[in-house]
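Below, each chain spelled out in residue letters.
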Amino acid sequence: MRTDYHLLTEQVRQLAQTEGWYASLFANVSALLMDTLEDLNWAGFYILINGQLTVGPFQGKPACIHIAPGKGVCGTALEQDEILVVPDVHAFPGHIACDSASRSEIVLPLHRGGAAAAVLDIDSPRLSRFSEEDREGLAGIVKLLEDHVVWE
Ligand code: SME
């Protein structure tokens, strides 16, 4: 089933307008994504702290705590400051397998003061789960989060 990104974006806007503090907002957005998008096994955030991506609010199995910039899909997306859609994680050199169920993944950088400072990472047990429509819809949601998040 296709995701109604118009509705999802409005739900994220409501959450962001109610509370911008990153822990509350990212926790609820992780829960909303997990509840709304089909075929996910992990959805959450890694935040750059002291030069390391550090696991933040998420839904799914316990995950790797630290990822260095440039490592894995998350660290590569951060370093290149690009949205990465990986149709088959086994074909991505250096992919970090936190949950062996993951088959495909999308990672979107989140900016703070103009620089990539966190990522939204979403994993699926289905190959090629993430379409161009997902990429665009999620990019809009990340933009909304960037505009509302309170980091302190
Ligand atoms: N697969 C990611 C690591 C994070 S987990 O998927 C939650 C990566 O290669 O960066």
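Right above here is the structure, for reference.
About the criteria used
Residues numbered from 1 in each chain as written. Predicted model: local features only at pLDDT ≥ 70, side-chain atom pairs only at ≥ 80, totals over all residues. Heavy atoms only, no water. Near = heavy atom within 4 Å. Polar contact = N/O pair within 3.5 Å; in protein donor to acceptor, adjacent residues only side chain to side chain. Helix = DSSP H or I, 4+ residues; strand = E, 2+ residues; numbered from the N terminus. Nonpolar A, V, L, I, M, F, W, Y, C, P; charged D, E, K, R; others polar. Axes fitted to C-alpha atoms, helices over the stretch in contact; angles between N-to-C directions. Parallel < 35°, antiparallel > 145°, perpendicular 65-115°, else oblique. Left-handed = near helix turned anticlockwise from the far one by under 90°. Contact = heavy atoms within 4.5 Å. Expected span 1.5 Å × (residues − 1). Buried < 20%, exposed > 50% of the residue type's maximum accessible area, 1.4 Å probe, protein only. Arc of directions from axis to C-beta. Pairing = 2+ DSSP bridges.

Some points on the site of the ligand
For step 1, the next point in the chain: In the vicinity of the ligand, the residues found are Trp42, Tyr46, Ile67, Gly72, Val73, Cys74, His95, Ile96, Cys98, Glu105, Asp121 and Asp123.
For step 2, the next point in the chain: One of the backbone nitrogen or oxygen atoms of Val73 is found 2.9 Å away from an oxygen atom of the ligand.
For step 3, the next point in the chain: A distance of 2.7 Å separates a nitrogen atom of the ligand from a polar atom in the backbone of Ile96.
For step 4, the next point in the chain: Of all the secondary structure elements, the ones that give two or more residues to the shell around the ligand are strand E1 (42-49), helix H3 (72-80) and strand E6 (115-124).
For step 5, the next point in the chain: When residues of the shell around the ligand are assigned to their parent elements, the largest contribution, three residues, is made by H3.
For step 6, the next point in the chain: Partitioning the shell around the ligand into residue classes produces seven nonpolar, two polar and three charged.

Section: the packing of helix H1 (residues 5-18) against helix H2 (residues 22-36)
For step 1, the next point in the chain: Their axes nearest at 10 Å, the elements H1 and H2 cross at an angle of 160°. It follows that H1 is roughly antiparallel to H2 by the angle criterion. In the packing of H1 onto H2, the handedness of the crossing is right-handed. Residue-level inspection shows Leu8, Gln11, Val12, Leu15 and Ala16 of H1 in contact with H2, the latter providing Leu25, Asn28, Val29, Leu32, Leu33 and Thr36.
For step 2, the next point in the chain: Looking at side-chain class alone, the contact of H1 with H2 contains eight nonpolar, three polar and no charged residues.

Quick word on H1
Residue pairs spaced three or four apart in an α-helix point in one direction, given the helix's 3.6 residues per turn.
For step 1, the next point in the chain: Taking 1.5 Å of rise per residue, 14 residues should cover 20 Å, and H1 covers 20 Å from first to last C-alpha, within 8% of that figure.
For step 2, the next point in the chain: Every buried residue of H1 is listed here: Tyr5, Leu8, Thr9, Val12 and Ala16. All buried residues of H1 lie within an arc of 100° about the axis, which places them on one face of the element. Residues His6, Gln14, Gln17 and Thr18 are exposed on H1 and point more than 90 degrees away from its buried face.
For step 3, the next point in the chain: Against the buried residues of H1 lie H2 and helix H4 (132-148).

Considerations on the pairing of strand E2 (residues 52-60)
For step 1, the next point in the chain: Of the strand pairs in this sheet, E1 and E2 are connected by seven bridges, and their pairing is antiparallel. The partner of Gly44 across the bridge, within E2, is Phe58.
For step 2, the next point in the chain: Between the antiparallel neighbours E1 and E2 lie two residues, among them Asn50 with a positive phi of about 50°.
For step 3, the next point in the chain: By the bridge criterion, two bridges tie E2 to strand E3 (residues 66-67) in an arrangement that is antiparallel. When the sheet's bridge partners are listed, Thr54 is paired in E3 with His66.
For step 4, the next point in the chain: Joining the antiparallel neighbours E2 and E3 is a turn of five residues.

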